[in-house]
Amino acid sequence: KRKKYLSPDQEAEVHEDEIVDADGAKISSALPEDLPHVPLTTYTRYSEKEMIERSAAFYDDMNNRRTVRFYSSEPVPKEVMENIIRTAGTAPSGAHTEPWTYVVVGDKDLKASVRQLIEEEEEINYNKRMGVQWTTDLMPLKTNWVKEYLTTAPYLILVFKQAYGFNPDGTKKNHYYNEVSVAIATGILISAIQKAGLVTLTSTPLNCGPALRTLLGRPNNEKLMILLPVGYPAKDCSVPDLARKPLDEISVWF
Ligand code: IYR
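Here the structure is a predicted model, which is why all the values come from computation and not from measurement. (Residues numbered from 1 in each chain as written. Predicted model: local features only at pLDDT ≥ 70, side-chain atom pairs only at ≥ 80, totals over all residues. Heavy atoms only, no water.)

(A) Looking closely at the overall build of the protein chain. Assigned secondary structure in the protein chain consists of eight helices and nine strands. Along the first, second and third principal axes, the C-alpha atoms of the protein chain reach 70 × 50 × 40 Å. Within the protein chain, buried positions represent 33% of all 254 residues. Long-range pairs, those at least 24 residues apart, make up 75% of the contacts in the protein chain between residues at least 6 apart in sequence. About 17200 Å² of surface is accessible on the protein chain, with carbon and sulfur atoms providing 54% of the total. Averaged over its 30 positive side-chain charges, the protein chain has a centre that lies 3 Å from the centre of its 35 negative ones. (Helix = DSSP H or I, 4+ residues; strand = E, 2+ residues; numbered from the N terminus. Buried < 20%, exposed > 50% of the residue type's maximum accessible area, 1.4 Å probe, protein only. Contact = heavy atoms within 4.5 Å. Areas by Shrake-Rupley, 256 points an atom, 1.4 Å probe, with all protein chains shown as cover. Lys, Arg positive; Asp, Glu negative; His and termini not counted. Charge placed at Lys NZ, Arg CZ, Asp CG, Glu CD.)

(B) Inspection of the environment of Leu-156 at higher detail. Residue placement: Leu-156 occurs in strand β5 (residues 155–162). Each C-alpha atom, one on Leu-156 and one on Ala-95, is 29 Å from the other, the two residues being 61 residues apart in sequence. Once residues lying within four places of it in the same chain are set aside, the contact partners of Leu-156 are Val-103, Val-104, Val-105, Lys-111, Val-114, Tyr-149, Leu-150, Leu-227, Leu-228 and Pro-229.

(C) How the structure looks around the sheet that holds β5. Reading across the sheet, the four strands line up as β4-β5-β9-β8 and stay open at both edges, with antiparallel pairing between neighbours. Pairing within the sheet leaves two strands with one partner each, and these edge strands are β4 (100–105) and β8 (199–200). Sheet topology note: the β5/strand β9 (residues 222–231) ladder contains eight bridges and is antiparallel. By the bridge assignment, Tyr-155 is partnered in β9 with Val-230. Helix-sheet contacts for helix α6 (residues 178–195) involve β4, β5, β8 and β9, and the interaxial angle to β5 is about 160°. (Pairing = 2+ DSSP bridges. Axes fitted to C-alpha atoms, helices over the stretch in contact; angles between N-to-C directions.)

(D) Spotlight on the pattern of salt bridges. One pass over the full model with this rule turns up six salt bridges. Residue Lys-49 pairs with Glu-53 through a salt bridge whose shortest N-O separation is 3.1 Å. Taken together, the residues Lys-49 and Glu-53, both in helix α1 (residues 48–63) and four residues apart, mark about one turn of the helix. Assessed through its relative accessible area of 59%, Lys-49 is described here as exposed. Between Arg-218 and Glu-222 there is a salt bridge, with the nearest N and O atoms lying 2.7 Å from each other. Judged by its relative accessible area of 27%, Arg-218 is partly exposed. In this structure Glu-222 comes out as buried when scored by relative accessible area, which is 4%. (Salt bridge = Lys/Arg side-chain N within 4 Å of Asp/Glu carboxyl O.)

(E) Inspection of helix α2 (residues 78–88) at higher detail. Within α2 the residues assigned to the buried category are Met-81, Ile-84, Ile-85 and Ala-88. What you see down the axis of α2 is that its buried residues fit within an arc of 95°, all on one side. Opposite its buried face, α2 presents the exposed residues Glu-79 and Arg-86, each directed more than 90 degrees away. In this structure, the buried side of α2 is in contact with β4, β5, α6 and β9. (Arc of directions from axis to C-beta.)

(F) Just the packing of aromatic side chains, in detail. The final tally for this structure, using the stated rule, is two aromatic pairs. With a centroid separation of 5.7 Å and 80° between ring planes, the pair formed by Tyr-164 and Phe-166 is classed as edge-to-face. Of the residues examined, Tyr-164 reaches a relative accessible area of 24% and is grouped as partly exposed. (Phe/Tyr/Trp six-rings, centres within 6.5 Å; stacked < 30°, edge-to-face > 60°.)

(G) Structural view of the side chain of Asn-178. Its location among the elements puts Asn-178 in helix α6. On the basis of relative accessibility, which here comes to 11%, the residue Asn-178 falls in the buried class. Residues in contact with Asn-178, not counting those within four places in the same chain, are Pro-99, Lys-161, Gln-162 and Ala-163.

Geometric values such as these leave the question of function open.
What follows is the structure in structure tokens.
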């Protein structure tokens, strides 16, 4: 019986090369223990001039992003949606667990079911659950419980976090930092939508998670984080006239 030190303050016991916890249960690494490390071949170094141009151009593109609540029903190529989801899947995640499931709904009837479920719940949210302060704060944005975009937008993306996963042997797999990993991935998803020339809305349907999970047949380890309609803006689309904080208000430099 010998002890294996995993980190200075954490120890586990090793029996015949198996790591076991205090109760004798086997602990297996989610990634292969002999995972090879290979040279970084995907990095591109740019000149300072190129870096300044590229970062300024990307800022410009991202600064033109607006949250959109009015959508055209014009269809979007499925291949674009696939690329957007692939891009979100490039996000970093705790111990490379990739704790996300993107449920992409293009089916008309299913979008109608999602809309019905959310509007029923949101009416209660606006009238009872959110309270006067919250609904007053939202008044300038002119939002309410009627969510036409849920049926007009060609696609809805429902982002689920996987609170935990499963190893091939059926044991539970820890998903470290799953919430922040999914938040990072959603930021990349929004950027990909902008880059593709489409618009979206980061909506957070309150109290709808479990019912939507059931409707979409997702398992218990998944929790709805955010719902994004994706498409082109409606011809007469308007947005609130908001400004963003300048650099010196969002940063401190030493
Ligand atoms: N989820 C509701 C309410 C809502 C909440 C916030 I904070 C907003 O910035 C906008 C809306 C809705 O989708 O209407």
